Amino acid sequence: MSKNTKIRDFIKKNAYYLAFVLCLSVLVIITVALIVSSNQKTLDVGGNGTQIEEENNQNGNQNENQGGNENQGGNNQTGGNETQKPEPPAPTVIIFEMPVKNAEIIKDYVGASVIYNQTLGVYSGHKAIDFSAPEGTEVVCAYDGVIESIEISKVNGTTVTVNHGSGLKTVYNSIEANDNLSEGMTVEKGEMLGTVSLNNKTEYLDGAHLHFEVIEGDSKVDPNKYLPSDGK
């Protein structure tokens, strides 16, 4: 018997087993191929997933930072809107006390024009108010301040000037000043400065009266600006 004949006889006798082995081998090869392919896909998906997750984390951090910045900006803007600047205090309204109570105004303030001075017999300016009252009538300080000066003249009589600050002053002429009054003394509104007198010789014929002036800065202004309208 030849070698080829023996091989054919062996195949015929063992054909079933050989076919089983062949099929089993094919199945093993296919299974191995599928496992390898599945692992490769898993690795690919895992790598992409990690990259996507990192990108998402980065995007999330950026969004959080942007959100934080926006919130900070919003808070600053809101705070700026809610915080209001304090309104400046209203200017103090100064109202004088009448320097002489129940007095008659015999000469009012005159701005640009002139009035007749019967004592001197001339027309002159009169930037003051003359309050007529009996000699000895009390003269009080019109507003809180400090005695700036006390001047005594044989012609113009006694003049007391009170400095109220901020360039505002009041002048009391033809007054008999109190003995305890002195320069630099602090005086209050309504405090007695002296009494009405006749010592101003330039207005002697007008009788006993207080010659009252108001100064703002370097200018004499109308005292009516500060005097109560119901007190005259």
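Caption draft 1: The confidence of the model for the protein chain, seen in detail. Chain-level pLDDT for the protein chain is 81 on average; 70% of the residues reach the 70-or-more range. Below a pLDDT of 50 lies the segment residues 45-50, which in the model reaches 0 contacts outside its immediate sequence neighbourhood of four places, other chains included. Confidence drops under a pLDDT of 50 for residues 67-79, and excluding neighbours within four residues, the segment shows 0 contacts in the predicted structure.

Caption draft 2: The sheet that holds strand 9 (residues 175-177), seen in detail. With antiparallel pairing, the 3 strands of this open sheet are ordered in space as 5-11-9. Across the chains shown, the open sheet's two edge strands, defined by having one partner strand only, are strand 5 (138-140) and strand 9. In this sheet, neighbouring strand axes are inclined to one another by 40° on average, regardless of whether the strands run parallel or antiparallel. Here 3 bridges tie strand 5 to strand 11 (residues 192-196), and the two strands are oriented antiparallel to one another. Within strand 11, the position partnered with E138 by the bridge is T195.

Caption draft 3: Focus on the nonpolar core. Core analysis: the biggest nonpolar cluster contains 28 residues, and F96, Y172, L193 and F212 have the highest contact counts within it. Secondary-structure elements contributing two or more residues to this core are strand 4 (129-132), strand 7 (157-165), strand 8 (168-173), strand 9, strand 11 and strand 12 (209-216). The residues touching L193, leaving out its near neighbours within four places in the chain, are V139, V140, C141, I147, V162, Y172, I175, E176, A177, N178, L181 and V187.

Caption draft 4: Just the pairing of strand 8, in detail. Taken across its 6 residues, strand 8 has 5 buried, putting it largely inside the fold. Where strand 7 lies against strand 8, 6 bridges are found, and the strand directions are antiparallel. By the bridge assignment, V162 is partnered in strand 8 with T170. Bridge analysis of strand 8 against strand 12 gives 6 bridges, and the strand direction is antiparallel. Residue pairing for strand 12: V171 is matched across the bridge by E213.

Caption draft 5: Expanded view of the side chain of S197. Assignment of secondary structure puts S197 in the loop between strand 11 and strand 12. In this structure the side chain of S197 is engaged in a polar contact, spanning 3.1 Å, whose partner is the backbone nitrogen of N199. Here S197 is in contact with E135, S174, I175, E176, A208 and H209, once residues within four sequence places are set aside.

Rules behind the numbers
- Residues numbered from 1 in each chain as written.
- Predicted model: local features only at pLDDT ≥ 70, side-chain atom pairs only at ≥ 80, totals over all residues.
- Heavy atoms only, no water.
- pLDDT = per-residue confidence, 0-100.
- Contact = heavy atoms within 4.5 Å.
- Pairing = 2+ DSSP bridges.
- Helix = DSSP H or I, 4+ residues; strand = E, 2+ residues; numbered from the N terminus.
- Axes fitted to C-alpha atoms, helices over the stretch in contact; angles between N-to-C directions.
- Core = buried A, V, L, I, M, F, W, Y, C linked by side-chain atoms within 4.5 Å.
- Buried < 20%, exposed > 50% of the residue type's maximum accessible area, 1.4 Å probe, protein only.
- Polar contact = N/O pair within 3.5 Å; in protein donor to acceptor, adjacent residues only side chain to side chain.

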